Amino acid sequence: MKRFDMKHILNRNIKDILYIVILGVFIICVMFISLDIFQDSVILTKWYAFLIGSSVFGVLMLCSRTVFCVFGDKITLCLFIFLSYLLIRNVNSYLGINSLYSPLAFFVLFLCFRNLSTKLNNRIVVVIVVLCFFQSIYGILQYCEVFNNYSRFKVVGSYDNPSGFAACLSASFPYCFSFFNTKKPILLFTGVIISILIIIAIILSGSRSGILSIIIVSMLYCGYKRFFCCNKLIKQVWLCSGMFVLIAIGIILFVIKKDSAVGRILIWSNTLELINDRPLFGYGPCGFTANYMSAQAVYFENNSESIYSQLADNIIMPFNDYLFIAVKYGIVGLLMFFVVAYFVFKESDKLELGHFCIISIGVFACFSYPLRYPYVLFLLAYSIAISSKKICMHNLNVMVKRLLTGILIIGMYMLCLDIRFESKWNILVEMSVLGKTRTLIPEYNKLYKTWNYNPSFLYNYAAVLNKASDFRASNAVIKECVKYVNDYDTQILLANNYYNLNDLDLAEKYYMNASNMCPNRFIPLYGLFLVNQKRGDQKKCYELASLILNKPIKTMSSTIKNIKREVYVFNKSKKAINRLDERNEEN
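Definitions and limits used
Residues numbered from 1 in each chain as written. Predicted model: local features only at pLDDT ≥ 70, side-chain atom pairs only at ≥ 80, totals over all residues. Heavy atoms only, no water. Helix = DSSP H or I, 4+ residues; strand = E, 2+ residues; numbered from the N terminus. Buried < 20%, exposed > 50% of the residue type's maximum accessible area, 1.4 Å probe, protein only. Areas by Shrake-Rupley, 256 points an atom, 1.4 Å probe, with all protein chains shown as cover. Contact = heavy atoms within 4.5 Å. Lys, Arg positive; Asp, Glu negative; His and termini not counted. Salt bridge = Lys/Arg side-chain N within 4 Å of Asp/Glu carboxyl O. Axes fitted to C-alpha atoms, helices over the stretch in contact; angles between N-to-C directions. Parallel < 35°, antiparallel > 145°, perpendicular 65-115°, else oblique. Left-handed = near helix turned anticlockwise from the far one by under 90°. Nonpolar A, V, L, I, M, F, W, Y, C, P; charged D, E, K, R; others polar. Patch = residues over 30% accessible without salt bridge, like charges linked within 9 Å, V, L, I, M, F, W, Y side chains within 5 Å. Expected span 1.5 Å × (residues − 1). Polar contact = N/O pair within 3.5 Å; in protein donor to acceptor, adjacent residues only side chain to side chain. Phe/Tyr/Trp six-rings, centres within 6.5 Å; stacked < 30°, edge-to-face > 60°. Lys NZ or Arg CZ within 6 Å of the ring centre and 35° of its normal. Core = buried A, V, L, I, M, F, W, Y, C linked by side-chain atoms within 4.5 Å.

Draft legend 1. Main features of the overall build of the protein. Secondary structure summary: the protein contains 23 helices and two strands in total. Per-residue burial over the protein gives 50% buried out of 587 residues. Counting every atom, the protein has about 29100 Å² of accessible surface; 64% of that belongs to carbon and sulfur.

Draft legend 2. Inspection of the environment of Y138 at higher detail. The topology assignment puts Y138 in helix 5 (residues 118-143). If sequence neighbours within four positions are ignored, Y138 has contacts with F147, G157 and S158.

Draft legend 3. Quick look at the side chain of K328. Within the secondary structure layout, K328 lies in helix 12 (residues 321-346). We note that K328 is buried and unpaired, the nearest opposite charge coming from D321 at a distance of 7.4 Å. When sequence neighbours within four positions are dropped, the list of residues in contact with K328 reads R89, F281, G282, Y283, G284 and P285.

Draft legend 4. Highlighting the packing of helix 5 against helix 14 (residues 374-386). Running from N to C, helix 5 and helix 14 cross one another at 150°; their axes reach a closest spacing of 12 Å. Considering the angle they form, helix 5 stands roughly antiparallel to helix 14. The handedness of the crossing between helix 5 and helix 14 comes out as left-handed. In contact with N121, N122, I124, V125, I128 and C132 of helix 5, helix 14 contributes Y375, F378, L379, Y382 and I386. In the contact of helix 5 with helix 14, the residues fall into nine nonpolar, two polar and no charged.

Draft legend 5. How the structure looks around a nonpolar patch on the surface. A cluster of nonpolar residues, Y94, I410, Y413, M414 and L417, forms a patch on the protein surface that exposes about 490 Å² of accessible area. Here Y94 shows up in the loop between helix 3 (74-92) and helix 4 (97-115).

Draft legend 6. Inspection of unusual backbone geometry at higher detail. Although it is not a glycine, E145 adopts a positive phi angle of roughly 65°. Take E145: it is sitting in the loop between helix 5 and helix 6 (162-172). Phi angles above zero are rare outside glycine, and Y453 is one such case at about 70°. Within the secondary structure layout, Y453 lies in the loop between helix 16 (437-449) and helix 17 (455-467).

Draft legend 7. A look at the pattern of salt bridges. Across all of its chains, the model carries seven salt bridges by this definition. In this structure, R535 engages D505 in a salt bridge whose closest nitrogen and oxygen atoms are separated by 2.8 Å. Of the two residues, R535 sits in helix 21 (residues 523-535) while D505 sits in helix 20 (residues 504-517), which places them 30 residues apart along the sequence. Residue E508 pairs with R535 through a salt bridge whose shortest N-O separation is 3.2 Å. You can see E508 sitting in helix 20 and its partner R535 sitting in helix 21, a full 27 residues away along the chain. A residue is classified by how much of its surface remains accessible, and R535, at 35% relative accessible area, is partly exposed. A single salt-bridge network, built from bridges that share partners, covers D505, E508 and R535.

Draft legend 8. Expanded view of helix 19 (residues 488-500). Look at helix 19: 19 Å from first C-alpha to last across 13 residues, which is about the 18 Å you get at 1.5 Å a residue. Where burial is concerned, most of helix 19 is hidden: 10 out of the 13 residues are buried. Among the residues making up helix 19, those that are buried are Y488, T490, Q491, I492, L493, L494, A495, N497, Y498 and Y499. Buried residues along helix 19 sit against helix 17, helix 18 (471-481), helix 20 and helix 21. Between the side-chain oxygen of the N-cap and the backbone nitrogen of D489 there are 3.3 Å, and the N-cap of helix 19 in question is D487.

Draft legend 9. A look at the environment of P162. Mapped onto the fold, P162 is located in helix 6. P162 gets classed as buried once you look at its relative accessible area, which sits at 12%. Between the alpha carbons of P162 and G206 there is a distance of 7.2 Å; along the sequence they are 44 residues apart. Among residues more than four places away in sequence, those in contact with P162 are F153, V155, V156, S205 and S207.

Draft legend 10. The arrangement of the packing of helix 18 against helix 19 in detail. Contact geometry for helix 18 and helix 19: axes closest at 9 Å, N-to-C directions at 155°. As the angle between them shows, helix 18 and helix 19 are arranged roughly antiparallel. Handedness of the crossing formed by helix 18 with helix 19: left-handed. Contacts between helix 18 and helix 19 involve F471, S474, N475, I478, K479 and C481 from the first element and T490, L493, L494, N497, Y498 and N500 from the second.

Draft legend 11. Examining the packing of aromatic side chains more closely. Tallied over the entire structure, the rule returns 42 aromatic pairs. Between F80 and F107, the ring centres sit 5.5 Å apart and the planes meet at 55°, which makes this aromatic pair tilted. Here F80, found in helix 3, pairs with F107, found in helix 4; they are 27 residues apart in sequence, far enough to count as distant. When its relative accessible area of 46% is taken as the criterion, F80 is described as partly exposed. Relative accessible area serves as the criterion here: at 14%, F107 is assigned to the buried category. Here F133 and F134 contribute two aromatic rings whose centre-to-centre distance is 5.3 Å and whose plane-to-plane angle is 65°, an arrangement assigned as edge-to-face. Looking at F133, the relative accessible area reads 26%, which means it is partly exposed. By way of ring pairs, the aromatic residues Y19, F26, W47, F50, F57, F113, Y175, Y375, F378 and Y382 are connected into one cluster. When the ring centre of Y159 is taken as origin, the NZ or CZ atom of K46, which lies over that ring, is 5.0 Å away. We note K534 situated over the ring of Y499; from NZ or CZ to the ring centre the distance is 4.2 Å.

Draft legend 12. Main features of the side chain of S383. Looking at where S383 falls in the secondary structure, it is placed in helix 14. When near neighbours in sequence (up to four residues on either side) are disregarded, S383 contacts Y175, G354, C357 and I358.

Draft legend 13. Looking closely at the nonpolar core. Judged by nonpolar contacts, the single largest core of 176 residues is most densely connected at F50, F113, Y375 and F378. If sequence neighbours within four positions are ignored, F50 has contacts with F26, V30, A105, L109, P374, L377 and F378. Formed by five residues, the second largest nonpolar core is a distinct cluster that contains V262, L266, F300 and A312.

Draft legend 14. Here's a closer look at helix 15 (residues 398-433). The end-to-end C-alpha separation of helix 15 is 53 Å, in line with the 52 Å expected for 36 residues at 1.5 Å each. Of the residues flanking the start of helix 15, the one acting as N-cap is N397, its side-chain oxygen 3.2 Å from the backbone nitrogen of M399. Positive backbone phi, approximately 95°, marks G435, located one or two places after helix 15.

This is the structure:
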């Protein structure tokens, strides 16, 4: 009997080591991996790592454990209903395997974490903190120019911009608190050092959302640990002091990047207008990218002298994940999201580290888009799982396990097909840059027939057709793209196609749309200038030339210099002709 127990313990330890190793590789991939075989080498790679990693871990757990439980508690039920709603909406507005598989992968990951022992979950915390240490060091070294990040931002870590870097670190930051509850000085010292490095890295990144998140979480954690059991007066003093500090910090952060903060007010305002048009169920998974820029164009068309004109940009995210959910899935989806969050906190007897992680993500989501990053979703699934009580447990039977395993394997196969499509497309893009555009059209046609519903492919294909002077075919493809992404770039491409097809009325329409979307851009005005020049409307050309020459420049570029130079030459020659006409009239 003793020998059997030793064998059982040994097998369990081997399984635990295997779980930790796989989860360690999984976290490294969703946090750091970046492959140049994709057009979006930074974020898309991490998404594939998240989806495939969740599937592999799910299959491993289902196949290696005799007991794999689902839970009948309120948190699990509400989360299941919310994710099912997302899945149904994503099926209704199909946008490829990624959008379809993401809710399933998240729920599988959540169930896997709930089935792990407390000891294993504590080890995962150590892995998270250690990897965040390396991420913060990487960002600090980028700031010191030891590493080149090949970006216009100084600090991005292993992400495409400071927002992703700060979201990763600020969401992980609460798990550093686990080192503060130990009596071992070395662990306490390690926790303090890593916490300080994370704070420094976030400050150097310039992410105001990240700074605000760690301040709020730190204050809540200190207040909960130090003043939770104190009398009412001390609690009130702490609360008032905290509110005062937060207001002061909020004002400082607003002033630091005033233009950015003011620009977000415009984005939120236009996003609320979108929600108002379809409040209940939203627009679907592509709701924001397909509709927001049109709403921004309407705003500037009606408010041409707006203070926001010089701040407007081509927007793909609303800088608020709650608004983003509401646009895509309506008030129904947003309420389900809040119901899950409500039960995560209500069903717990005390606040755990997972709760503070969720709070950090929640604060960050008010001003940015942390849910765009798969590592944050990994942390969210983990935090909800470890913050939930293990009650109403039901062991899955063999048939259900096999069914789930089969679904996960099929999902991984479909993801592999998606990866194959993306890598083939990337090869075509690299070849087109070398000037082989015309010879690549047949290959693009083949890929188009097996399109994976990535709207970026449609835009790129339409641009290639435009470059090959097949303007009608380019229009056909870009009009399909507009169903998913309707922004400044698609309007410019449509306008250019119609200009080359001599349909000047439609060219003018789309150039005007683009100009209203981003009033500070020069290319739409230059396009209108060319349209009227082709029409022979010299008066209108002169008006547009004056507008271009007097237009303030947001960011100088060679394109703007060339446009201004050409328009200046036209304007100068026009004035010379006018002076000559005046002299002739005098004579």
